[in-house]
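Descriptive structure summary
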Amino acid sequence: MKKLFLLILSAYSIPCIAQSSLKELAAKKADSIETQVIVWRRDFHENPELGNREVRTSGIIEKYLTSLGLEVKTGIATTGVVGILRGAYPGPVVALRSEMDALPVTERTPVSFASKVKTIYNGQQVGVMHACGHDSHMAMLMAVAQILTSMKGQLHGTVKFIFQPAEEGLPPGEVGGAEEMVKEGVLENPKVDVIFGQHIISYIPTGTLVYRPGGEMAAVNGFHIVVKGKSSHGAMPWQGIDPIVVSAQIINNLQTIVSRNINITENPAVVTIGAIRGGNRGNIIPDSVEMDGTLRSFTDADKKLLWDKVNQIATATAEMQGATAKVTLGNSYPVTFNDPALAAKMLPTLPGHSAMGRFSF
């Protein structure tokens with residue numbers, strides 16, 4: 001519940017008069033609703049839904065926000081939900097945001113509320129799991145909506161509660177997520193002045209919040225590689241061109257991009273191949289192999305370098321073996337950037353903060 005308290009403070013620091021009595025009241029209300037937050041979180045965890053398919057999830061959120069008496073908008077970017085709380089006094093418009101979607105991951109935990117959901121993703125049967133904390137984020141933001149609604153008479157300004165679908169990306173051919181919500185006007189009517197989000201991380205000790213002015217989370221670029229060779233019998237590989245061997249060489253060679261081309265003393269970067277598909281029998285060399293990967297970077301220069309090197313290494317490695325490789329850039333998302341001035345304005349509202357980018361309570 002302490003992270004709930006932090007979200008409330010985030011809201012208060014802009015639309016409310018940040019008085020110690022209001023902070024104490026918010027903290028007490030956060031503690032009183034803790035049991036309900038756990039129930040919500042476990043229900044979302046047990047019943048996860050992938051991006052653009054958060055029908056049950058958004059329905060629960062819509063029903064609850066409506067019960068609080070908020071102005072509720074639904075169907076934004078397919079399944080997005082927004083609740084609007086107008087305070088008793090004039091002031092800025094502050095948005096608080098959570099994601100709703102889960103990941104195509106099979107859960108293997110012993111908890112009673114573990115997900116057993118299965119679905120088809122990219123043509124394969126997969127498990128579905130809240131493996132990235134969105135279940136917690138939703139439950140916490142629902143509680144913040146309840147608490148701030150109960151304090152409506154003391155609020156200066158307006159609070160928008162934004163529940164975003166498809167944060168984890170979508171299958172090819174679909175659109176959605178934050179970009180689509182913005183296109184559909186989620187930050188307008190009323191126009192949002194500032195927006196706050198948070199993300200739980202399992203390796204950060206309980207009672208600690210980590211923050212960073214400027215670039216906080218890397219830009220993301222998906223990419224797809226198709227390696228084409230020549231099929232042959234597995235016992236006679238000299239009659240074909242093995243795209244699996246070529247793909248293995250490409251994967252290994254890609255690891256030199258960060259280790260030998262990125263100045264990691266200035267900014268980190270990541271090149272990852274997360275999926276590889278090719279062949280259907282152990283004794284047949286296939287015609288082609290497909291790979292999906294992700295690039296992470298913090299500057300435009302590094303982003304361009306990563307992309308250029310992936311393309312160069314993949315095509316050149318394939319060519320050396322008599323194969324071909326086609327590299328396609330997929331979804332692209334910018335750096336998550338925390339406005340330094342806004343971060344500085346927030347710090348006085350947070351207990352025990354330090355210049356090291358974290359605080360405990």
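Keep in mind the model is a prediction, meaning the values are calculated, not measured.

Looking at the overall build of the protein chain
What the protein chain contains, in helices and strands, is ten helices and 17 strands. Dimensions of the protein chain, computed from C-alpha atoms along their principal axes, come out at roughly 80 × 45 × 40 Å. For the protein chain, buried positions account for 44% of its 361 residues. The long-range fraction of contacts in the protein chain, counting pairs at least 24 apart against all pairs at least 6 apart in sequence, stands at 76%. If you sum the accessible surface of the protein chain, you get close to 18,200 Å²; carbon and sulfur atoms cover 54% of it. Taken as two groups, the 33 positive and 32 negative side-chain charges of the protein chain have centres that lie 3 Å from each other.

Observations regarding helix H9 (residues 300–320)
Between the first and last C-alpha of H9 there are 30 Å, a value that for 21 residues agrees with the 30 Å anticipated at 1.5 Å per step. Buried residues along H9 sit against strand E10 (219–228), helix H7 (243–254), helix H8 (256–261), strand E12 (270–277), strand E14 (288–297) and strand E15 (324–333). Once H9 ends, the next one or two residues include Gly322, with phi positive near 85°.

A few points about the confidence of the model for the protein chain
For the protein chain, the mean per-residue pLDDT works out to 90, and 91% of the residues sit at or above 70. Every residue in residues 1–18 is under pLDDT 50, and counting partners more than four places away or in other chains gives 64 contacts.

Side note on the packing of aromatic side chains
This structure, assessed with the given rule, holds one aromatic pair. Look at Trp40 and Tyr64: their rings are 4.8 Å apart centre to centre, the planes differ by 70°, and that puts the pair in the edge-to-face class. Of the two residues, Trp40 is situated in helix H3 (residues 34–46) and Tyr64 in helix H4 (residues 55–67); the sequence distance between them amounts to 24 residues. Across the pair, Tyr64 and Trp40 agree in class, each one buried.

Some words on the packing of H3 against helix H5 (residues 134–150)
For the pair H3 and H5, interaxial distance at closest approach is 8 Å and the crossing angle is 145°. For H3 against H5, the interelement crossing comes out right-handed. Here Val37, Trp40, Arg41, Phe44 and His45 of H3 come into contact with H5, specifically with Asp135, Ser136, Met138, Ala139, Met140, Met142, Ala143 and Gln146. Class assignment for the residues of the contact of H3 with H5 results in eight nonpolar, three polar and two charged.

Here we look at the pairing of strand E2 (residues 80–86)
Consecutive residues of a regular strand have side chains that alternate between opposite faces of the sheet. Most of E2 sits out of view: six of its seven residues are buried. Bridging between strand E1 (residues 71–76) and E2 involves five bridges; their strand directions are antiparallel. Its bridge partner being in E2, Lys73 is matched across the sheet by Val82. Where E1 folds back on E2, the antiparallel hairpin that results is connected by three residues, among which Ala77 adopts a positive phi of roughly 50°. Relative to strand E6 (residues 156–164), E2 runs antiparallel, the two sharing six bridges. Looking at the pairing, Leu85 lines up with Val159 of E6.

As for the packing of H3 against H4
Axis separation between H3 and H4 bottoms out at 10 Å; the angle between their running directions is 155°. It follows that H3 is roughly antiparallel to H4 by the angle criterion. Here the hand of the crossing between H3 and H4 comes out right-handed. Together, Trp40, Asp43 and Phe44 of H3 and Arg56, Thr57, Ile60, Ile61 and Tyr64 of H4 make up the contact between the two elements.

About the thresholds
Residues numbered from 1 in each chain as written. Predicted model: local features only at pLDDT ≥ 70, side-chain atom pairs only at ≥ 80, totals over all residues. Heavy atoms only, no water. Helix = DSSP H or I, 4+ residues; strand = E, 2+ residues; numbered from the N terminus. Buried < 20%, exposed > 50% of the residue type's maximum accessible area, 1.4 Å probe, protein only. Contact = heavy atoms within 4.5 Å. Areas by Shrake-Rupley, 256 points an atom, 1.4 Å probe, with all protein chains shown as cover. Lys, Arg positive; Asp, Glu negative; His and termini not counted. Charge placed at Lys NZ, Arg CZ, Asp CG, Glu CD. Expected span 1.5 Å × (residues − 1). pLDDT = per-residue confidence, 0-100. Phe/Tyr/Trp six-rings, centres within 6.5 Å; stacked < 30°, edge-to-face > 60°. Axes fitted to C-alpha atoms, helices over the stretch in contact; angles between N-to-C directions. Left-handed = near helix turned anticlockwise from the far one by under 90°. Nonpolar A, V, L, I, M, F, W, Y, C, P; charged D, E, K, R; others polar. Pairing = 2+ DSSP bridges. Parallel < 35°, antiparallel > 145°, perpendicular 65-115°, else oblique.

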